[in-house]
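Chain by chain, the residues run as shown.
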Amino acid sequence: MSYEKNWFQLVLSLRGSVIANIKYQVAVSMFIALIVTAIYEKGYTGLSQPTLAGLIPGIVLGLLLVFRTNTAYERFWEGWQIAGMTIFTGRNLSRQMWMNIIVKNSEKKEEKAAYLRLIAAFFVAMTQHLRRKGVDERLKSLLVPEHYLKLENVSNMPLKITQWLGAYLTKQYTYQHIDSFQFAALNRLLDQLVECLSRCERILNAPMPRAYSMHLRHLLILYCFALPFQMVKDLHWWTVLVAGVVAFALFGIEAIGLEIENPFGYDANDIPLDTLCRKLHSDIEELIASHEDEIVNLESNAL
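Just so it is clear, the model here is predicted, and its values are computed rather than measured.

A short note on the UniProt feature "transmembrane region" (unreviewed entry) in the chain
For step 1, the next point in the chain: Under the local residue numbering, the UniProt record ascribes the feature "transmembrane region" (unreviewed entry) to residues 22-40, 52-70, 211-229 and 235-253.
For step 2, the next point in the chain: Taken end to end, residues 22-40 is 100% helix and 0% strand, and its two terminal C-alpha atoms sit 27 Å from one another.
For step 3, the next point in the chain: Between the end C-alpha atoms of residues 235-253 there is a gap of 25 Å, over a span that is 89% helix and 0% strand.

With respect to a nonpolar patch on the surface
For step 1, the next point in the chain: A cluster of nonpolar side chains, Phe31, Leu34, Ile35, Ile39, Tyr44 and Trp237, forms an exposed patch at the surface whose accessible area comes to about 610 Å².
For step 2, the next point in the chain: Locating Ile39 in the fold gives a position in helix H2 (residues 19-41).
For step 3, the next point in the chain: Overall, the relative accessible area of 34% leaves Ile39 in the partly exposed class.

Notes on helix H8 (residues 180-205)
For step 1, the next point in the chain: Taking 1.5 Å per residue as the helical rise, H8 with its 26 residues ought to reach 38 Å, and the 37 Å between its terminal C-alpha atoms agrees with that figure.
For step 2, the next point in the chain: Restricting attention to buried positions, one finds in H8 the residues Phe183, Leu186, Leu189, Leu190, Leu193, Cys196, Leu197, Cys200, Glu201, Ile203 and Leu204.
For step 3, the next point in the chain: In the core, the buried residues of H8 are packed alongside helix H3 (58-100), helix H4 (106-130), helix H7 (157-174) and helix H10 (238-261).
For step 4, the next point in the chain: Its side-chain oxygen 3.1 Å from the backbone nitrogen of Phe181, Asp179 forms the N-cap of H8.

Quick notes on the state of the cysteines
For step 1, the next point in the chain: Within the structure shown, the criterion is met by zero disulfides.
For step 2, the next point in the chain: Between Cys196, a cysteine without a disulfide, and Cys200, which holds the nearest cysteine sulfur, the sulfur-to-sulfur distance is 6.9 Å.
For step 3, the next point in the chain: With relative accessibility at 2%, the residue Cys196 sits in the buried group.

Quick notes on the nonpolar core
For step 1, the next point in the chain: The biggest cluster of nonpolar side chains holds 54 residues, and the ones touching the most others in it are Leu93, Met97, Leu118, Phe123, Leu139, Ile161 and Leu165.
For step 2, the next point in the chain: Of all the secondary structure elements, the ones that give two or more residues to this core are H3, H4, helix H6 (145-151), H7, H8 and helix H11 (273-302).
For step 3, the next point in the chain: Looking at which element gives the most residues to this core, the answer is H4, with 13 residues.
For step 4, the next point in the chain: Excluding anything up to four places from it in sequence, Leu165 contacts Met97, Tyr115, Leu118, Ile119 and Leu190.
For step 5, the next point in the chain: Judged by nonpolar contacts, the second largest core, of 19 residues, contains Ala33, Leu65, Leu219 and Phe251.

As for the pattern of salt bridges
For step 1, the next point in the chain: All chains considered together, the criterion is met by 13 salt bridges.
For step 2, the next point in the chain: Between Lys279 and Asp283 there is a salt bridge whose closest N-O contact spans 3.4 Å. Taken together, the positions of Lys279 and Asp283, both in helix H11 and four residues apart, correspond to about one turn of that helix.
For step 3, the next point in the chain: By relative accessible area, which is 17% here, Asp283 ends up buried.
For step 4, the next point in the chain: The network of salt bridges with shared partners includes Arg131, Asp136, Arg138 and Asp274.

So, how was this worked out
- Residues numbered from 1 in each chain as written.
- Predicted model: local features only at pLDDT ≥ 70, side-chain atom pairs only at ≥ 80, totals over all residues.
- Heavy atoms only, no water.
- UniProt positions renumbered as here; feature names shortened; annotations may be inferred.
- Helix = DSSP H or I, 4+ residues; strand = E, 2+ residues; numbered from the N terminus.
- Patch = residues over 30% accessible without salt bridge, like charges linked within 9 Å, V, L, I, M, F, W, Y side chains within 5 Å.
- Areas by Shrake-Rupley, 256 points an atom, 1.4 Å probe, with all protein chains shown as cover.
- Salt bridge = Lys/Arg side-chain N within 4 Å of Asp/Glu carboxyl O.
- Buried < 20%, exposed > 50% of the residue type's maximum accessible area, 1.4 Å probe, protein only.
- Expected span 1.5 Å × (residues − 1).
- Contact = heavy atoms within 4.5 Å.
- Polar contact = N/O pair within 3.5 Å; in protein donor to acceptor, adjacent residues only side chain to side chain.
- Disulfide = S-S within 2.5 Å.
- Core = buried A, V, L, I, M, F, W, Y, C linked by side-chain atoms within 4.5 Å.

In structure tokens, the structure reads:
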């Protein structure tokens, strides 16, 4: 597909756009501009007030919007980095657990596979925790019944899962299925998962100060409502369209910052956590299956 076609598809696409979020603000701004223009065209020329251009200097409003958007994007980008680190750590932890923990019968192997799936369950539980949701069907499918019943009654599901993983690793070390170096390395990876969870909670629980957001919105409203008084003398009926375009640009920037401020939700511009959860689960299942295939091949070759 050509670049030009992609470009126009992106322009015309509404998915991920904030148009739906700002349509009322733009409509109100255009309505105010329509009233001002209609009154001016009837001969009330006193409505033309170019001096209102100095009410809120555009450079001040622009700097505030840039700061607002940059702050929100930093949170969004940090969220992506944490999600990537969770995938990276989960893969490493599952690989090392599967390869280093030695089991001697099928029952213990199934137990080890169940605890590997707890790593995928951690990511799902973290997603649900950040969205302030409880246990869902995806999470239920990754848990044994005992863990499922316990997880329904805890306030921090991903943290509880790390406790179960830590207890399993301690048990394997006690039974000398792993040595002290392996035990320390696995616990470091487990600590990294807890760190990822804590950093996500910090992003979620430390939003933009309410006073800052309110003040910015007050300035946006004042600026957009004062705009028709500045332009009506020169633009006449075109004032309505120009006021709408300016409102669309300014309110759109503010809406983008608001949407990406919390990157863990369901919006089109949020981090696709559900997709990442499925990817980690798929990787773990492939790890389990591939290792079993290798064992079968080795036994066949030995015969």
